Amino acid sequence: MEVKGKKLTFSTFAKKYGTVVALLVICLFFSVKTKAFLTPSNIITVVRQISMLATLGAGLTIVMITGRIDLSIGYGTSLLGIIVATLMVDFGLPIPVAALITILFGALIGLLNGSLVAYAGIHDFIGTLATGFLLSGINQAYTKGHPVSGIPDGFKIFGDASFLGIPSMIYIMAAWLAVIALILGKTRFGRHVYAIGGNKEAAMMSGVNVKFNEMMTFTFCGVGMALTALILTSRMGSAHPTAGDAYQMNAIATVYLGSTAFKEGEPNLLGTIIGALIIGVLKNGMTLMNIDYYYQDIAQGILILFAVAVTSMQRSRKK
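Visitor: I would appreciate a short explanation of the pattern of salt bridges in the present structure.
Guide: Proximity of charged atoms lets side chains of opposite charge pair with each other. Enumeration over the complete set of coordinates arrives at four salt bridges. Between D124 and R68 there is a salt bridge; the shortest N-O distance is 3.3 Å. Residue D124 is located in helix α5 (residues 124–143), and its partner R68 is located in the loop between α2 (40–65) and α3 (73–89); the two are separated by 56 residues in the primary sequence. You'll find D124 and R68 in the same group, each marked buried. In this structure, R68 and E214 form a salt bridge, with 3.3 Å as the shortest nitrogen-oxygen distance. Separated by 146 residues along the polypeptide, R68 in the loop between α2 and α3 and E214 in helix α9 (residues 210–236) bring together distant segments of the chain. With relative accessibility at 16%, the residue R68 sits in the buried group.

Dropping the structure here:
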C-alpha cells in the first residue's frame, strides 16, 4: 500500500492512525462489557457530552497549531456564562442580543490574550494564565461566588432543546467544527497558521504577518469560549461562577490526544475530535460499568500522560 508515493509501513500506519485504532478498541471493549454502550440513545449521549469539550478544543486547536497555548479558556468560559445570564436577567436583553454580545466579549478576551502574546511579547503560558486569573477575579468579585438564575426558558435552545431527536448543542458543535475546518483548510489565514506552526522564521521571511495572525488565533479561541459558555449555561439552566473551569485541562488534553493522530505530534482539528471522543467514550463507558469516579480520574490521567509522551517523542523525531 502506498500513500502519496510512499510505502505505508506498519510504523507509519501506527503513527498516523494508532489513536483512531485505540478509540475503536476502547469502543469494542465497552460494547462487550455493557450492552447499553452501543445503543443509539447512548451514542447520542456520548456526542452530547463531548459537545462543549470539542467546541472549546476546536478553538484551542488553532492556537496550538502555531505552537502557542491558552490557559485562560476555562476561566473565560465561566465568566462568559455569567455575562450572558446577567445580560438577560439583570438587563432584560433579548436572548439573541445577549448571545451575540457574549460572543463579542469572547472575541475581545481572545483579542486581549493575542495582543499580550503577539504584540507585547509576553510568553503565552504566563500571559494567558495571568488573564485567566484576572477573568476569574472579575467573575468572583461580581457574583460573590453565587450563581445567576432566572434565565428565560427560551435560552434552552442553545443546549437543552432537541431537533429531530438530536440535542441542539450537537448542531452548534458541528457548525463550529465546520467553520474551523473551513478556516484552516480553505483560507489564506489557515495556510498562514500552519506556516507559523511549521517554522515561524520562515513564515515571517515569506511575508506572513506573524503577530497579527497569532493574535487572530487567540480571537477565534475566544469565540469558542463564548459558544461553549452559551451551551453550558443553557444546559445547566443557570450560570455558575466556576462552571467552565473544569473544561480547561480537559480541552488541552483533547488537543494533545489529537496531536498523536494523523499529523504525528502536531495539533489538528480531526485529531482534536478523535481526542474528545476518546475522553467522552472513556468516561461514558466507565460510568456505565459503575466504576468509581476516582478510578476514572486515574484512567484519564494515565491517558493524558501517554498522549503527551507520544506527542513529545513524535516531535523529537521530526526535529
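Moving on from the model shown.
Visitor: Sorry, what's going on with the packing of aromatic side chains here?
Guide: Aromatic ring pairs: the centre-centre distance and the angle between the two ring planes describe each pair. A complete count under the given rule lists eight aromatic pairs for this structure. When the ring of F29 is compared with that of F30, the centres are 5.3 Å apart and the planes differ by 70°; the resulting orientation is edge-to-face. For F30, a relative accessible area of 3% translates into the label buried. Cluster of aromatic residues (ring-pair linked, three or more members): F29, F30 and F37.

Visitor: Please explain helix α6 (residues 168–186) as it appears in this structure.
Guide: Each α-helix winds once per 3.6 residues, and so residues spaced three or four apart point in a common direction. If you check α6, its first and last C-alpha atoms are 27 Å apart, about what 19 residues at 1.5 Å a residue would give, namely 27 Å. What α6 keeps buried is the set S168, M169, I170, I172, M173, W176, L177, I180, I183 and L184. Buried residues along α6 sit in contact with α2, β3 (162–163), β4 (166–167), α7 (188–198), α9 and α11 (269–288).

Visitor: Help me understand the confidence of the model for the protein, please; the structure alone is not making it clear to me.
Guide: One rule of thumb: low pLDDT means the predicted coordinates there are not for detailed reading. Confidence in the prediction for the protein averages 91 pLDDT; 93% of positions are at 70 or higher. Within the model, pLDDT remains below 50 along residues 1–5, and this stretch shows six contacts once partners closer than five positions in the same chain are excluded.

Visitor: Just to check I follow, could you spell out unusual backbone geometry for this structure?
Guide: The general pattern is negative phi for most residues beyond glycine and trans for most peptide bonds. One non-glycine residue with positive phi stands out, namely K144, at about 55°. Within the secondary structure, K144 is located in the loop between α5 and β3. On the accessibility criterion, K144 (60% relative accessible area) is exposed. We note that N290 has phi near 60°; this positive angle belongs to a residue other than glycine. Following the sequence through the fold, N290 ends up in the loop between α11 and α12 (293–318).

Visitor: What should I look at first to understand the packing of α7 against α9 in this one?
Guide: The geometry of a pair of packed helices is captured by two quantities: the angle between their axes and the separation between those axes. The geometry of α7 relative to α9 is characterised by a closest axis approach of 10 Å and an angle of 105° between their N-to-C directions. Between α7 and α9, the angle falls in the class roughly perpendicular. Within the contact between the two elements, α7 uses F189, H192, V193 and I196 and α9 uses V210, N213, E214, M216, T217 and F220. When grouped by side-chain class, the residues that make up the contact of α7 with α9 number six nonpolar, three polar and one charged.

Visitor: Which parts of the structure should I look at to understand α9?
Guide: Spanning 27 residues, α9 covers 39 Å between terminal C-alpha atoms, matching the ideal 39 Å at 1.5 Å per step. Burial analysis of α9 places 21 of its 27 residues in the buried class, which makes it a mostly covered element. G237 occupies a position one or two residues after α9 and carries a positive phi of about 80°.

Rules and cut-offs
Position numbers for residues count from 1 along each chain, tracking the sequence in the order it is written. Given that the model is predicted, a residue must reach a pLDDT of at least 70 before its local features are reported, and side-chain atom pairs must reach 80 or more before they are shown or counted; all residues, however, enter totals for whole chains, interfaces and linings. Water and hydrogen atoms play no part in the side-chain values, which are based on all heavy atoms of the structure. The term salt bridge refers to a pairing of a side-chain nitrogen on Lys or Arg with a carboxyl oxygen on Asp or Glu at a separation within 4 Å. Comment: elements are numbered from the N terminus, with helices defined as DSSP H or I runs of at least four residues and strands as E runs of at least two. Accessible area is worked out with a 1.4 Å probe on protein chains only. A residue is then buried under 20% of its type maximum, exposed over 50%, and partly exposed in between. In this scheme Phe, Tyr and Trp rings, the latter by its six-membered ring, pair at centre separations within 6.5 Å, and the angle between planes marks the pair as stacked below 30 degrees, edge-to-face above 60, and tilted otherwise. To estimate the expected span of a helix, subtract one from its residue number and multiply by 1.5 Å. Contacts between residues were defined by any pair of non-hydrogen atoms, one from each residue, lying within 4.5 Å. Every residue carries a pLDDT, the predictor's confidence in it, which falls somewhere between 0 and 100. To get an axis, fit a line to the C-alpha atoms, keeping to the stretch in contact for a helix; angles then go from 0 to 180 degrees between the N-to-C directions. For classification purposes, an angle smaller than 35 degrees is called roughly parallel, one larger than 145 roughly antiparallel, one from 65 to 115 roughly perpendicular, and anything else oblique. For this classification, the nonpolar set comprises Ala, Val, Leu, Ile, Met, Phe, Trp, Tyr, Cys and Pro, the charged set comprises Asp, Glu, Lys and Arg, and every other residue, Gly included, is treated as polar.

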